[in-house]
Amino acid sequence: MGNEVSLSSEMCSHFDPEEIKRLGKRFKKLDLDNSGSLSIDEFMSLPELQQNPLVQRVIDIFDADGNGEVDFKGLSILIYVVDLIIIKIRLIFYFIFRVHPRCFSVQCKRG
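The model shown is predicted, which means the values in this text are computed figures rather than measured ones.

About the cut-offs
Residues numbered from 1 in each chain as written. Predicted model: local features only at pLDDT ≥ 70, side-chain atom pairs only at ≥ 80, totals over all residues. Heavy atoms only, no water. Helix = DSSP H or I, 4+ residues; strand = E, 2+ residues; numbered from the N terminus. Buried < 20%, exposed > 50% of the residue type's maximum accessible area, 1.4 Å probe, protein only. Contact = heavy atoms within 4.5 Å. Areas by Shrake-Rupley, 256 points an atom, 1.4 Å probe, with all protein chains shown as cover. 1 Å grid on protein atoms, 1.4 Å probe; cavity = no way out; pocket = protein on both sides within 12 Å on 5 of 7 lines; lining within 4 Å. Points joined across faces, edges and corners; volume = space filled by probe spheres on them. Nonpolar A, V, L, I, M, F, W, Y, C, P; charged D, E, K, R; others polar. Patch = residues over 30% accessible without salt bridge, like charges linked within 9 Å, V, L, I, M, F, W, Y side chains within 5 Å. Salt bridge = Lys/Arg side-chain N within 4 Å of Asp/Glu carboxyl O.

Colleague: What am I meant to see in the overall build of the protein chain here?
Modeller: Counting secondary structure elements, the protein chain contains five helices and two strands. Order of helices (α) and strands (β) in the protein chain, N terminus to C terminus: α-α-β-α-α-β-α. The buried share of the protein chain, taken over its 111 residues, is 24%. Sequence separation of at least 24 residues holds for 49% of the intrachain contacts in the protein chain that already meet a minimum separation of 6. As displayed, the protein chain offers around 8,400 Å² of accessible surface, 57% of which is attributable to carbon and sulfur atoms.

In structure tokens, the structure reads:
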């Protein structure tokens, strides 16, 4: 990767150019040793991840070459997947609370 931050065309269609630029800046800021990838220690520099027991597992999943670190593309895929999960959760909640709000009332019965 070097100093360049790039994504595949599929990822570029999900993120707008400004988001890619912000993600690249954040990635470079987290990449404390300028290796072009993020180690477990670099991920753990984020206070919100320090107590999360799943960090190592997530790194293992998105570590493309098995070196124990996540490069920019891997981080982008991770964020893309999390974003898709959030979208699905929002749709589920929309369906539950907007389409079937009566199912949360006392009168709701299975039929």
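Colleague: I would appreciate a short explanation of the layout of surface pockets in the present structure.
Modeller: Vacant regions in the atomic arrangement are exposed by a probe of water-molecule size rolled over the atoms. Considered as a void within the structure, the largest pocket measures approximately 340 Å³ in volume. F43, L49, V58, L75 and L78 are the residues nearest the centre of the largest pocket, which is lined by 20 residues in total. Among the elements that take part in the lining of the largest pocket, helix α5 (residues 72-99) stands out by supplying six residues, more than any other. Residues of the lining of the largest pocket, tallied by class, amount to 17 nonpolar, one polar and two charged.

Colleague: Can you walk me through a nonpolar patch on the surface in this structure?
Modeller: Taken together, the side chains of I77, V81, I85, I89, F93 and F97 define a hydrophobic patch exposed on the protein surface, amounting to about 500 Å² of accessible area. Residue position: I85 is located in helix α5.

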